[in-house]
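Structural overview for review
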There are 2 protein chains.
Amino acid sequence: MDDRVREHAELLVDWSARVEAGDRVVVGVDDGTHELAVAVARELGERGAVPTFLDDGDELERAYCRGATTFAEPDHERALFETADVYLGLRGGRNTAALADVPGEKRQARGEASATLREARLATDWVTTVHPTRSLAQAAGMSIEAYREFVYDATLRDWAALEAETDRLKRLLDEGSRLRVVAPDTDLELSIEDRTAVNSVASVAHDSHNLPSGEVFTAPADVEGQVHFSVPRTVGGRRVEELTLVFEDGEVVDFSAVRGEDAVAELLDTDAGARRAGEVGVGTNRGIDRFTDNVTFDEKVAGTVHVALGRAYDANLPEGESGNDSQVHVDLIADLRDGGRLEVDGELVQRDGLFRWEEGFEE
Amino acid sequence: MDDRVREHAELLVDWSARVEAGDRVVVGVDDGTHELAVAVARELGERGAVPTFLDDGDELERAYCRGATTFAEPDHERALFETADVYLGLRGGRNTAALADVPGEKRQARGEASATLREARLATDWVTTVHPTRSLAQAAGMSIEAYREFVYDATLRDWAALEAETDRLKRLLDEGSRLRVVAPDTDLELSIEDRTAVNSVASVAHDSHNLPSGEVFTAPADVEGQVHFSVPRTVGGRRVEELTLVFEDGEVVDFSAVRGEDAVAELLDTDAGARRAGEVGVGTNRGIDRFTDNVTFDEKVAGTVHVALGRAYDANLPEGESGNDSQVHVDLIADLRDGGRLEVDGELVQRDGLFRWEEGFEE
């Protein structure tokens, strides 16, 4: 086994999920991630945790959804999560388009039927990570060898050291009340007063649930204006390119895209919350040198900002307040490195992708 | 997809497990059984059942057990089974020796920690089946192509028709009080009074939980004498050949084997119930033409008899009576086709592998 697979498993279990002896752990094993699952199994054993492994791949999901005409709640799987302490989602896959021929209305019905299961999973100390598979390498236009380098460069970092660095962005967002994003075809204002930003450094101890991570995000209370997402994304198995959204009173009232408009329309129609933004995030990971059509990496690129349609995270909200509710959470990404800027309450925080505290920044 | 995979999935879901709309189903996906799992997912969807897939392979189990020094109860997985209606175990694997380097004491501790989980799984309508993998083909000394023929010949049968045929053996065992097995190096008496035999035709509707099946089995109350198991088995990852057991007062008091004595010793020391017989079964499947080191097939061969060390099944016992209790259930197989015979209360039922109602039988 590649030493990096072992290192990845150790980082996931220790730094990210903070697994302790006696923890009941659910490991979601995506297609093509068996090798990482084996390394994780070993680490969990060594820590005295008790694992159960779910076969979580898209190929089984597709077959089930294609066969089904009605969707009921997976009570038994919900019971599994309700009794678990930790969920580790190992993402990978053998085909990013595996779900492409599952009709949108079935996805939606399946999503609705799984709502309480999802709640139970999010109530654990959950972390998702990415194992370099050939399918993801292909989507990134890379060889598997180069892609492994890419993934491990982004993932196997000194997260404790990064936490201190990006904390200043978190403090700016915590103290500010309005975040403005300006770029070609983009002028968006998001109200963020009384919200708490998460300094996402890939650990549940920081309310951060992705490994790799590298972003600071919060939940906007209101959104006004237009935003152009220049970074392509695969939404519901279909590619979406050059998407522009127009927000009024926090809700998407108009949109256009060069490719994948039907996928966007389906997404927006999922439920009422799918038309509202649950998250705005600012990428801080300088270890990721390109876009690879994988949101876990793309949204973390330093010099980008992303807005998620759908569900908000409790960690961003004042105690007792519930944020935007939806069964979806789809991050859409804008690259600000060429002519973009971020302002908090009128103060310039980033220009052309460089933060004001970074070398080369120009007012 | 091979049509036979689809046919296998359909038989498993309909005839064997009797899955109904709304059923919560756990599917255990062994290494190398993905293709069958996809077909099962489709069938479950079509029937309105709700599946959850466990990644149940030996490679993850090995990694966890190798890492662990203490074993706690998988409460969360038990909760999954407690909330489920049906369990479908898809057996296959990529290496029959995958667990060979897990020390016996760890297997035992793991088994003890999983006792209540196992109870919860057995409380569902559970069925295990076999998908033809290269590993199993190798263990059988066959090409994968020939092995597929072998598995599907044994599995894709008209089970409803077979049920009527083998019912007369069930009635003999139900009405009899003593079963005697005689063969070279073998003279064993088993008391079976007041026990109910199961006519195992691969359906939970007949208390039969293996697909393929083809056996009639009951739970002996007492066992006396000696039995030689001429059919090799892999026990705890190690091959056991030419095993002879001596029973006194229902308990194994002596044993010898040409190969694998250490594996047998470990098995017998698992717990008190591992020294007692939980099952005696008579093979009735004439579709299986050879031994393949896979108990699901080997124990079903017509002309063989098997005795299981360990746990008894409730279906064989009078209401309210608990049978032999153990965390193991290991079937050991004797071939009676060359000089063997079966008697019930002194009456000859089978000689040289032929039942008295079959053509060619000689008193």
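Small disclaimer: the values here were computed from a predicted structure and weren't measured.

So, the overall build of chain A
When you go through chain A residue by residue, the secondary structure sums to 11 helices and 20 strands. Taken over C-alpha atoms, the radius of gyration comes to 20 Å for chain A, in line with the 21 Å a tight globule of 363 residues would show. Referenced to the eigenvectors of the C-alpha coordinate spread, the extents of chain A come out at roughly 50 × 45 × 45 Å. Here chain A holds 363 residues, and the buried ones make up 57% of them. A fraction of 71% describes how many contacts in chain A between residues 6 or more apart in sequence connect residues 24 or more apart. Accessible surface, chain A as shown: approximately 13,900 Å² in total, 41% of it carbon and sulfur. Of the charged side chains in chain A, 39 are positive and 76 negative, and the gap between their average positions amounts to 4 Å.

Topic: helix α6 (residues 115-122) of chain B
Residue and element names in this part refer to chain B. The set of residues buried in α6 consists of L117, R118 and A120. Viewed end-on, α6 has its buried residues packed into an arc of 160°, placing them on one side of the element. Looking at the packing, one finds that the buried side of α6 touches α4 (75-82) and α5 (104-113).

Regarding helix α5 (residues 104-113) of chain A
Taken together, the buried positions of α5 of chain A are occupied by G104, K106, R110, G111 and A113 of chain A. Buried residues belonging to α5 of chain A abut α3 (58-67), α6 (115-122) and α10 (261-268) of chain A.

Here's the deal with the interface of chain A and chain B
How large an interface is tends to be reported as the accessible area lost when its parts come together. With 38 residues of chain A in contact, the opposing surface of chain B contributes 38 residues. Carbon and sulfur atoms make up 62% of the surface buried where chain A meets chain B, a total of about 3,400 Å² over both sides. When residues of chain A are sorted by the area they lose upon contact with chain B, L60, Y64 and H76 of chain A head the list and together hold 20% of the total. Our enumeration of links across chain A and chain B arrives at two salt bridges. Between R24 of chain A and D75 of chain B there is a salt bridge whose closest N-O contact spans 2.9 Å. Those elements that provide at least two residues to the side of chain A that touches chain B are β1 (24-29), α2 (34-46), β2 (50-55), α3 and α4 (75-82) of chain A. Residue contributions to the side of chain A that touches chain B peak at seven residues, all from α2 of chain A.

Definitions and limits used
- Residues numbered from 1 in each chain as written.
- Chains lettered and ligands numbered in written order.
- Predicted model: local features only at pLDDT ≥ 70, side-chain atom pairs only at ≥ 80, totals over all residues.
- Heavy atoms only, no water.
- Helix = DSSP H or I, 4+ residues; strand = E, 2+ residues; numbered from the N terminus.
- Rg over C-alpha atoms; globule rule 2.2 N^0.38 Å.
- Buried < 20%, exposed > 50% of the residue type's maximum accessible area, 1.4 Å probe, protein only.
- Contact = heavy atoms within 4.5 Å.
- Areas by Shrake-Rupley, 256 points an atom, 1.4 Å probe, with all protein chains shown as cover.
- Lys, Arg positive; Asp, Glu negative; His and termini not counted.
- Charge placed at Lys NZ, Arg CZ, Asp CG, Glu CD.
- Arc of directions from axis to C-beta.
- Buried area = accessible area lost by both parts, 1.4 Å probe.
- Salt bridge = Lys/Arg side-chain N within 4 Å of Asp/Glu carboxyl O.

What is shown is where atoms sit, not what they do.
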